[in-house]
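Summary of structural features
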Amino acid sequence: MARRYAIYDVFTANRLEGNPLAVVFDGDGLSDAAMQAIAGEFNLSETVFLQQPQKTGHAAKLRIFTPGYELPFAGHPTVGAAIALAEDGRASEGEDYDLVQMLEENVGPVRCAVRGRAGEATFAEFDVPRKSVRLEAKFDRQAIADAFSLKATQIGFENHVPSFWSAGVPFVMIPVHDVSAAGAVEFDPALWEQITPIAEGRLAAAYLYCRGGVNHVARFHTRMFAPAMGIVEDPATGAAVAAFSGAIHSFDQLIDGHHPFLIEQGVEMGRPSLLHLHIDVSGGEISTARIGGQAVKIAAGELYL
């Protein structure tokens, strides 16, 4: 049968930037092996399959696959799928709209708001379904530096040190001195696999970050490397930003209130992305976190499966 799909560039308002995502609209009836093979065929960092929801009133059930394996949750598939569903369900273009969707993911239900405005790329924002938690791990600063072809003195800034966090997908957070250091990285997957911890049955990915950015509005500049997922480098990683919320709160000691952040990623790949992170702190703890961004459709077609 023919199954419709679309390609969206996510966390950007510009085509051929951001993080490309394959959205398969007719995902029902596909086996896990078939979905994994299709994700390998697209060979993008993630492919999301939309299926009929299990609960009445929910928009869809999402199955998210990297070229290597299935993920319980991921940010750019959540944003891209929410926008794809909203745009696919609209009879005409050029109308302003706001809607809220409940998306079923393996991590649990995810609430996502979508905002469409005439002449603008559609924006979606979701509530992080699981709070970021710090995981136990010890790190050798020199070994980390070697894996990224940096000096040990370039690892860390202020009180930020390497740490291990997860909001559904585990990431090692690696602070680097500045944007120049981030741009000088030459990643060695073999060395990384020797030192990275294992969590939830898989090797953790690396998320490098520093303050500032190439874009003057960015609060943080980031890069993400995940060889175990089949991803050499990712241009935008919502699941990493979800985990990063915990590191920001821990090291920067956010006070009670609302804290907005713009995070850039993908600059060194020629795929600049902007991810919106909002953290609400109450009683010294993160009460809610939201991640959002724009997305634009760049291609559509059919799979004959």
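First things first, this report covers the structure right here in the doc.

What counts, and at which threshold
- Residues numbered from 1 in each chain as written.
- Predicted model: local features only at pLDDT ≥ 70, side-chain atom pairs only at ≥ 80, totals over all residues.
- Heavy atoms only, no water.
- Helix = DSSP H or I, 4+ residues; strand = E, 2+ residues; numbered from the N terminus.
- Rg over C-alpha atoms; globule rule 2.2 N^0.38 Å.
- Buried < 20%, exposed > 50% of the residue type's maximum accessible area, 1.4 Å probe, protein only.
- Contact = heavy atoms within 4.5 Å.
- Areas by Shrake-Rupley, 256 points an atom, 1.4 Å probe, with all protein chains shown as cover.
- Lys, Arg positive; Asp, Glu negative; His and termini not counted.
- Charge placed at Lys NZ, Arg CZ, Asp CG, Glu CD.
- Phe/Tyr/Trp six-rings, centres within 6.5 Å; stacked < 30°, edge-to-face > 60°.

**Considering the overall build of the chain**
What the chain contains, in helices and strands, is 6 helices and 19 strands. Taken against the 2.2 N^0.38 rule, which gives 19 Å for 305 residues, the C-alpha radius of gyration of the chain at 19 Å falls within 12% of a compact globule. Out of the 305 residues belonging to the chain, those deemed buried represent 55%. Long-range contacts, defined here as pairs at least 24 residues apart, represent 63% of the contacts in the chain between residues at least 6 apart. As displayed, the chain has an accessible area near 12600 Å², and 49% of this comes from carbon and sulfur atoms. If the 23 positive side-chain charges of the chain are averaged to one point and the 37 negative ones to another, these points end up 3 Å apart.

**Let's talk about the packing of aromatic side chains**
Scanning all chains against the criterion turns up 14 aromatic pairs. Between the aromatic rings of Phe157 and Tyr209, the centroid separation amounts to 5.8 Å while the plane-to-plane angle is 80 degrees, which identifies the pairing as edge-to-face. Of this pair, Phe157 sits in the loop between helix H3 (141-147) and strand S10 (163-166) while Tyr209 sits in strand S14 (residues 205-211), and the two are 52 residues apart along the sequence. Arranged with centres 5.5 Å apart and planes meeting at 65 degrees, the rings of Tyr207 and Phe244 form a pair that is edge-to-face. With Tyr207 in strand S14 and Phe244 in helix H6 (residues 238-252), this residue pair connects regions lying 37 residues apart in the sequence. Classification of Tyr207 by relative accessible area gives buried; the value is 0%.

**Describing the environment of Ile291**
Of note, Ile291 is situated in strand S19 (residues 285-304). Since its relative accessible area comes to 0%, Ile291 is described here as buried. The contacts of Ile291, once residues within four sequence positions are left out, are Phe11, Ala124, Glu125, Phe126, Val128, Gly238, Val241, Ala242, His276 and Leu277.

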